[in-house]
Amino acid sequence: MNIDLTETTSSQINHALVKARRATGTPAVGMVLTLVIVTDEGNHYDALRAASEASKEHPSRILVVIKRPGRSPRDRKMARLDAEVRVGGETGTGETVLLRLHGELAAHAHSVVLPLLLPDAPVVVWWPEDAPEHPQEDLLGQLAARRITDAAATEDPATTLALRAQTYSPGDTDLAWTRITPWRSVLAAALDQKHSAIKSAVVEGEAYNPSSELLALWLADRLGVPVERTVSEGPGLTAVRLETRDGTICLDRADGSLAELAMPGQPDRHVALHRRDTAELIAEELRRLDPDEMYASSVKFVLTKLGRSVIEGGSAADATSPSGPGSGRTQDGGEKPAPTTGKGAGAAPAKNTSARKATST
């Protein structure tokens, strides 16, 4: 059921939501969170489609904030709220409200969104593009337990990652980090099988790919070894090679779908490691509402390491010890913090590529 509202208010939108639920025969509210998407007119369709797909796993009230401040002085002085309420149909068990904020109202989106939040339910804010410099200080970001950005959607991912490091607050995350969950999972599992000291690592991926940067930073941070970044034709991340005392552990995904894992003394293995769409990434982020400590540790590594063709490891752990970073355990014998789980696959020896320039991402 769709209800269009012109020159409306938050109170009238809430009334329309109740009316729509009753009309569709679902008066009870069975949603687990509020997802606020801050976007523009040109990008809201793709973002809403991804969020609607993710809401099948996480029933949500989706609030799409579309700011239209206007170009002329007359348009900028006006203040009007138009809304479209969608309940049932493609929204499934959730609800969707498109909010178009015209004129001066575009600068006060939080005052419109606040009355529409589900009571006693967590709030997640997602900026598909054009995220604020400091998400936590944004008035909408202050309402949220989690704040999702995407460095890959910016013109300069390296500068964006550095900015995310400087302005990080607990609850921040980035889809560039979410994209490497399967890679981190497979690499962590491989190191658990092969207890051999890690000497160095190489991360291969497209130029200006923030996920390649974050994976290199994560390896340098967790293993305490130098990590070289090289450029490939893609798509996205293509290979990771870990040099050990016993040989090379190589995870290679040349086609963006099927990867091959090569480990010394073991047969090569194939596992699906496809490039996930935005809906899958958002669904993963909505599974956790607590701060992501691994993301925080890796992104803060950006401040001193980002942009170098070789990242020197910063971990204090002994890389030559059997209980060091190569084994997945700390020196006191306890388990290292496990990376976020995900599906992954293996790799064959990677192609030779040129070393990455310092400004490449």
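Going by the structure above, here's the rest.
So, a few notes on the structure that sits alongside this text. Quick caveat: nothing in here was measured; it's all calculated off a predicted structure.

## Quick notes on the overall build of the protein chain
Okay, so step 1: For the protein chain, the helix and strand inventory stands at 11 helices and 15 strands.
Okay, so step 2: Put simply, the protein chain has 361 residues, and 55% of those count as buried.
Okay, so step 3: Pairs at least 24 apart in sequence give 73% of the contacts found in the protein chain among residues at least 6 apart.
Okay, so step 4: Carbon and sulfur atoms make up 50% of the accessible area of the protein chain, which amounts to about 16,000 Å² in all.

## Quick notes on the sheet that holds strand 8 (residues 172-174)
Note: strands within a sheet are paired through backbone hydrogen bonds, in either parallel or antiparallel orientation.
Okay, so step 1: Strand order in this open sheet of 8 strands is 1-4-5-3-2-6-7-8, and the pairing throughout is mixed. This sheet does not close on itself; its edge strands, each paired only once, are strand 1 (2-5) and strand 8. When the angles between neighbouring strand axes are averaged without regard to direction, this sheet yields 15°.

## Regarding the pattern of salt bridges
Okay, so step 1: A complete count under the given rule lists 17 salt bridges for this structure.
Okay, so step 2: For the salt bridge of Glu285 with Arg146, the shortest nitrogen-to-oxygen distance reads 2.9 Å. Taken together, the residues span a long stretch of sequence, with Glu285 in helix 9 (residues 278-285) and Arg146 in strand 7 (residues 146-149) at a distance of 139 residues. Accessibility classification places Glu285 together with Arg146 in one group, the buried group.
Okay, so step 3: The partner of Arg229 in a salt bridge is Glu213, with the nearest N and O atoms 1.7 Å apart.

## Re the nonpolar core
Okay, so step 1: Grouped together as the largest cluster of nonpolar side chains are 40 residues, with contacts concentrated most on Leu187, Val203, Leu215, Leu219, Val227, Val240 and Leu242.
Okay, so step 2: Residue contacts for Leu187: discarding those within four places in its chain leaves Leu215, Trp218, Leu219, Val240, Leu242 and Leu251.
Okay, so step 3: With 29 residues, the next largest nonpolar core counts Val38, Leu63, Ala83 and Leu99 among its residues.

## A few points about unusual backbone geometry
Okay, so step 1: One non-glycine residue with positive phi stands out, namely Glu7, at about 50°.
Okay, so step 2: Phi is positive for Asp130, which is not a glycine, with a value near 55°.
Okay, so step 3: With respect to the element layout, Asp130 can be found in the loop between strand 6 (123-126) and strand 7.
Okay, so step 4: In this structure Asp130 comes out as exposed when scored by relative accessible area, which is 64%.

## Here we look at helix 8 (residues 210-223)
Okay, so step 1: With 14 residues, helix 8 should reach 20 Å at 1.5 Å per residue; the first-to-last C-alpha distance of 20 Å fits that figure.
Okay, so step 2: With respect to burial, helix 8 is a largely interior element, 14 of its 14 residues being buried.
Okay, so step 3: The N-terminus of helix 8 is capped by Asn209, whose side-chain oxygen sits 3.2 Å from the backbone nitrogen of Ser211.
Okay, so step 4: Following helix 8 by one or two positions, Gly224 adopts a phi angle in the positive range, close to 70°.

## A short note on the sheet that holds strand 9 (residues 198-205)
Okay, so step 1: Pairing is mixed across the open sheet formed by 7 strands, whose spatial order is 14-13-12-11-9-10-15. Looking at which strands have only one partner, the edges of the open sheet turn out to be strand 14 (269-272) and strand 15 (310-311).
Okay, so step 2: With 5 bridges connecting them, strand 9 and strand 10 (residues 227-231) associate as parallel partners. Paired with Val203 across the bridge in strand 10 is Arg229.
Okay, so step 3: Each of strand 9, strand 11 (237-244), strand 12 (247-252), strand 13 (258-262) and strand 14 is contacted by helix 7 (residues 181-193), which is oriented at about 20° to strand 11, the strand it contacts most.

## Section: the packing of helix 5 (residues 157-166) against helix 10 (residues 293-300)
Okay, so step 1: With their axes 8 Å apart at the nearest point, helix 5 and helix 10 run at an angle of 115° to one another. In terms of crossing hand, the pair formed by helix 5 and helix 10 is left-handed. Counted together, Leu161, Arg164 and Ala165 of helix 5 and Tyr295, Val299 and Lys300 of helix 10 form the full contact between these two elements.
Okay, so step 2: Here the residues of the contact of helix 5 with helix 10 sort into 4 nonpolar, no polar and 2 charged.

Conventions adopted
- Residues numbered from 1 in each chain as written.
- Predicted model: local features only at pLDDT ≥ 70, side-chain atom pairs only at ≥ 80, totals over all residues.
- Heavy atoms only, no water.
- Helix = DSSP H or I, 4+ residues; strand = E, 2+ residues; numbered from the N terminus.
- Buried < 20%, exposed > 50% of the residue type's maximum accessible area, 1.4 Å probe, protein only.
- Contact = heavy atoms within 4.5 Å.
- Areas by Shrake-Rupley, 256 points an atom, 1.4 Å probe, with all protein chains shown as cover.
- Pairing = 2+ DSSP bridges.
- Axes fitted to C-alpha atoms, helices over the stretch in contact; angles between N-to-C directions.
- Salt bridge = Lys/Arg side-chain N within 4 Å of Asp/Glu carboxyl O.
- Core = buried A, V, L, I, M, F, W, Y, C linked by side-chain atoms within 4.5 Å.
- Expected span 1.5 Å × (residues − 1).
- Polar contact = N/O pair within 3.5 Å; in protein donor to acceptor, adjacent residues only side chain to side chain.
- Left-handed = near helix turned anticlockwise from the far one by under 90°.
- Nonpolar A, V, L, I, M, F, W, Y, C, P; charged D, E, K, R; others polar.

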